[in-house]
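# Chain and residue survey
Spelled out from the first residue to the last, the chains are:
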Amino acid sequence: SYLELRRTAADRVGELWERYHFQCKCCACAGASAASDHRRVCLMELDGQIGSLGGTDPSRSIRLVTDTLELLDAEGLHLNDLRQRECSHASRLAMFSGCVGEARVWAE
């Protein structure tokens, strides 16, 4: 991707124009809604929260990962690298908490 897909439609369209003089007309940019923009902003915020929590509160971090995956699904974003990163993070946190079975599920 040329830019961060978790940004608002206006931000993505503006950056594409500024950097590449390209006017995006895909359904995610041209047909974006306030609800979609809100979900994408939430995705960015969740990413920051997960990063700042680290291993200090594994249960909360795992809930935030679950929220992230649900928002990605709601947006139709199939960002495999992000999904893998989040699942790997949740797996490590579950293992850290002694929940080996849960860690295995997240790893799959």
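The rules behind the values
Residues numbered from 1 in each chain as written. Predicted model: local features only at pLDDT ≥ 70, side-chain atom pairs only at ≥ 80, totals over all residues. Heavy atoms only, no water. Helix = DSSP H or I, 4+ residues; strand = E, 2+ residues; numbered from the N terminus. Buried < 20%, exposed > 50% of the residue type's maximum accessible area, 1.4 Å probe, protein only. Contact = heavy atoms within 4.5 Å. Lys, Arg positive; Asp, Glu negative; His and termini not counted. Charge placed at Lys NZ, Arg CZ, Asp CG, Glu CD. Expected span 1.5 Å × (residues − 1). Arc of directions from axis to C-beta.

On to the overall build of the protein, then. Secondary structure summary: the protein contains six helices and zero strands in total. Mapped from its N terminus to its C terminus, the protein presents α and β elements in the order α-α-α-α-α-α. A principal-axis box enclosing the C-alpha atoms of the protein has dimensions of 50 × 25 × 25 Å. Buried positions account for 35% of the 108 residues belonging to the protein. In the protein, once contacts between residues fewer than 6 apart in sequence are set aside, the share between residues at least 24 apart is 50%. One finds the centroid of the 13 positive side-chain charges in the protein at a distance of 2 Å from the centroid of its 16 negative side-chain charges.

In this section: helix α1 (residues 9-20). Spanning 12 residues, α1 covers 16 Å between terminal C-alpha atoms, matching the ideal 16 Å at 1.5 Å per step. Every buried residue belonging to α1 is among A9, R12, E15 and L16, and all of these are buried. The buried residues of α1 occupy one face: seen down the axis, they fall within an arc of 135°. Structural note: α1 exposes A10 and E18 on the side pointing more than 90 degrees away from its buried face.

In short, shape yes, function no, at least from these values alone.
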